[in-house]
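# Tertiary structure, described
Now for the letters of each chain:
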Amino acid sequence: MLTHAVATMTEPRELRRELRERRARIPLADRFAAAQAVAEHLLRMPVVSSARRIAGYWAVGGEMPLHGVVTGLSKDSAYCLPVLHTANTLRFVPWRVGDAIGTNRFGIPEPTEAGVGFAPSEVDVVLLPLLGFTRNGDRVGTGGGWYDRSFVFRKRSAAPPLLIGVGFACQQIDDGWTPQPWDVPLDAVATEREFLVCPLRV
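What comes next concerns the included structure. Keep in mind that this is a model prediction, so the values were computed, not measured.

Criteria and cut-off values
Residues numbered from 1 in each chain as written. Predicted model: local features only at pLDDT ≥ 70, side-chain atom pairs only at ≥ 80, totals over all residues. Heavy atoms only, no water. Helix = DSSP H or I, 4+ residues; strand = E, 2+ residues; numbered from the N terminus. Rg over C-alpha atoms; globule rule 2.2 N^0.38 Å. Buried < 20%, exposed > 50% of the residue type's maximum accessible area, 1.4 Å probe, protein only. Contact = heavy atoms within 4.5 Å. Areas by Shrake-Rupley, 256 points an atom, 1.4 Å probe, with all protein chains shown as cover. Lys, Arg positive; Asp, Glu negative; His and termini not counted. Charge placed at Lys NZ, Arg CZ, Asp CG, Glu CD. Phe/Tyr/Trp six-rings, centres within 6.5 Å; stacked < 30°, edge-to-face > 60°. Lys NZ or Arg CZ within 6 Å of the ring centre and 35° of its normal.

### Some details on the overall build of the protein chain
When its secondary structure is counted, the protein chain shows 5 helices and 11 strands. Relative to the globule expectation of 17 Å for 202 residues, the C-alpha radius of gyration of the protein chain, 16 Å, shows essentially globular dimensions. With respect to the principal axes defined by its C-alpha atoms, the protein chain has extents near 45 × 40 × 35 Å. Among the 202 residues that make up the protein chain, the fraction classed as buried is 49%. Pairs at least 24 apart in sequence give 70% of the contacts found in the protein chain among residues at least 6 apart. About 9,900 Å² of surface is accessible on the protein chain, with carbon and sulfur atoms providing 55% of the total. Averaged over its 23 positive side-chain charges, the protein chain has a centre that lies 3 Å from the centre of its 21 negative ones.

In structure tokens, the structure reads:
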């Protein structure tokens, strides 16, 4: 498993390219082991294991899979997937293994019978995919801004929902990343190595 943090970079496009390449170099066996370790970290946290509504994602492009989390949740927990909504924001629709899945306009799987779903403020915990993260809770996404727009209210209020970034330890950025005013910080980050609680900013 690659364990070293990404070197200093300041240009967002170059940083994202390096992060994608680094993630792509992780061997398949290490990916499976990392996914299991992340699931164990998350499910040990009462705030996750007892969440009534927990939003995750369908892993694409080498993102950390969440199958271990999905199968380990209590039957009383509603696991939700994001769906594209109006105003370029997300809503979250309950989904169980076996439910119908289609693809949105970006080719990302999402429930086909979405219905209304839950607003971002109506879920308890959100597991966010990422390209990179800092130990201060800065999240580097793909650049589309969907999560930042959806959870902008968290910049001025405390959880819920609790925002937990999920990724590989090698996606940590030591320096060279300056968050933008619209970036919404994470409350915690789960990797195969640790469950990192980030500094409170509200």
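### A word on the packing of aromatic side chains
Per the counting criterion, the structure on display carries 5 aromatic pairs. Relative to Phe151, the ring of Phe92 has its centre 5.9 Å away and its plane inclined at 35°; by these criteria the two rings are tilted. Remark: Phe151 occurs in the loop between helix H5 (146-150) and strand E9 (162-166) and Phe92 occurs in strand E3 (residues 90-94); sequence separation between them is 59 residues. Residue class for Phe92 comes out buried when judged on its relative accessible area of 0%. With a centroid separation of 6.0 Å and an interplanar angle of 75°, the aromatic rings of Phe106 and Trp146 are classed as edge-to-face. Here the residue Phe106 occupies a position in the loop between strand E4 (101-103) and strand E5 (109-111), and Trp146 occupies one in helix H5, the gap between them amounting to 40 residues. Classification of Phe106 by relative accessible area gives partly exposed; the value is 48%. In this structure, Arg149 packs its charged tip against the face of Trp146, placed 5.2 Å from the ring centre.

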